Amino acid sequence: MRVHRAGGGRVPDPGQPDEQQRGDLEKTGKPQLHAIYSRFTAAKPEAQSLSDRVKAYVEKNLSDDDLSLKSIADNYLYMNADYVSKKFQKETGQKFSAYLTGLRVQRSMELLKGADNDKVQSIAEMAGYGNNPQYFSHVFKKATGMTPSAYIKFSAGGNLS
């Protein structure tokens, strides 16, 4: 224990616990610290896997046409994009780009049900394809085997011929 001289007497250093204080900390401090730590870690979103955090972010921001793994890694996770990419693929079994495309096509299919042909451009924007309905149609047809217009007709109960 360190001591300071103050007015000729010895005074314990306030930054260091004495023997009795040390014993009290051993008895009561550890359980209290453990309880605080448990409450803190239970509330942290970091308890989710990395891929779950990426998926949650994507679902909230799907309509953002600038959404990419690099932007998520840089601006949301603050991690290296290559690491996030490899970790995402290891945890999910698919590449991020395939996941994002699949989710956007799925959202598009939901939005196209009951829609009019003239709404394809606005649905492309809502699904995250920005102001590029041609690219949206290309991706949609590649994923589903039909154009958005054909899907609208099909979902309304019409035939494809």
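Engineer: Describe the pattern of salt bridges, listing the residues and the values that go with them.
Structural biologist: A side chain with one charge may pair with a side chain of the opposite charge, provided their charged atoms come close. Counted according to the given criterion, the structure contains two salt bridges. The salt bridge partner of D74 is K70, with a shortest N-O separation of 2.8 Å. Note that D74 and K70 are positioned in helix α3 (residues 69-77) at a spacing of four residues, about one turn of the helix. Of the residues examined, D74 reaches a relative accessible area of 33% and is grouped as partly exposed. Owing to a relative accessible area of 51%, K70 belongs among the exposed residues under this scheme. For E91, the salt bridge goes to K87, with nearest N and O atoms at 3.7 Å.

Engineer: Just give me the short version of helix α5 (residues 96-112), but keep the residues and values in it.
Structural biologist: Taking 1.5 Å of rise per residue, 17 residues should cover 24 Å, and α5 covers 24 Å from first to last C-alpha, within 8% of that figure. Here α5 has its buried residues at F96, Y99, L100, L103, R104, V105, S108 and L112. On its buried face, α5 sits against α2 (50-60), α3, α4 (81-92), α6 (120-126), α7 (133-144) and α8 (148-155). Just beyond α5, the residue with positive phi is G114, at close to 80°.

Engineer: Describe α2, with residues and values.
Structural biologist: Inspection of α2 places L50, S51, R53, V54 and V58 among the buried residues, and these make up the whole buried set. One side of α2 holds all its buried residues, which, seen down the axis, span an arc of 160°. Of the surrounding elements, those touching the buried residues of α2 are α3, α4 and α5.

Engineer: Explain the nonpolar core to me, and be specific about the residues and the numbers.
Structural biologist: Counting 16 residues, the largest nonpolar core has V54, V58, I72, L77, V84, F96 and L100 as the members making the most contacts within it. Elements with a minimum of two residues in this core: α2, α3, α4 and α5. Residue contacts for V84: discarding those within four places in its chain leaves L50, V54, L69, A73, L77 and M79. A115, I123, A127 and F136 belong to the second largest nonpolar core, which has 14 residues in total.

Engineer: Any details on the packing of aromatic side chains? Residues and values, ideally.
Structural biologist: Tallied over the full model, the rule gives seven aromatic pairs. Ring centres of F88 and F96 lie 5.7 Å apart, and the angle between their planes is 75°; this geometry places the pair in the edge-to-face category. Each member of the pair, F88 as well as F96, is classed as buried. Counting every residue linked through ring pairs, the aromatic cluster contains Y129, Y135, F136, F140 and Y151. R104 extends its terminal NZ or CZ atom over the ring of Y129, reaching a point 5.6 Å from the ring centre.

Engineer: How would you summarise the side chain of S51 if you had to cite specific residues and measurements?
Structural biologist: Residue position: S51 is located in helix α2. We classify S51 as buried; its relative accessible area is 5%. Beyond its immediate chain neighbours, meaning those up to four positions away, S51 contacts F88, E91 and T92.

Engineer: A description of unusual backbone geometry should follow, citing residues and the corresponding values.
Structural biologist: Positive phi, close to 60°, is recorded for Y78, a residue that is not glycine. Turning to its location among the elements, Y78 is positioned in the loop between α3 and α4. You can call Y78 exposed: its relative accessible area is 66%.

About the cut-offs
- Residues numbered from 1 in each chain as written.
- Predicted model: local features only at pLDDT ≥ 70, side-chain atom pairs only at ≥ 80, totals over all residues.
- Heavy atoms only, no water.
- Salt bridge = Lys/Arg side-chain N within 4 Å of Asp/Glu carboxyl O.
- Helix = DSSP H or I, 4+ residues; strand = E, 2+ residues; numbered from the N terminus.
- Buried < 20%, exposed > 50% of the residue type's maximum accessible area, 1.4 Å probe, protein only.
- Expected span 1.5 Å × (residues − 1).
- Contact = heavy atoms within 4.5 Å.
- Arc of directions from axis to C-beta.
- Core = buried A, V, L, I, M, F, W, Y, C linked by side-chain atoms within 4.5 Å.
- Phe/Tyr/Trp six-rings, centres within 6.5 Å; stacked < 30°, edge-to-face > 60°.
- Lys NZ or Arg CZ within 6 Å of the ring centre and 35° of its normal.

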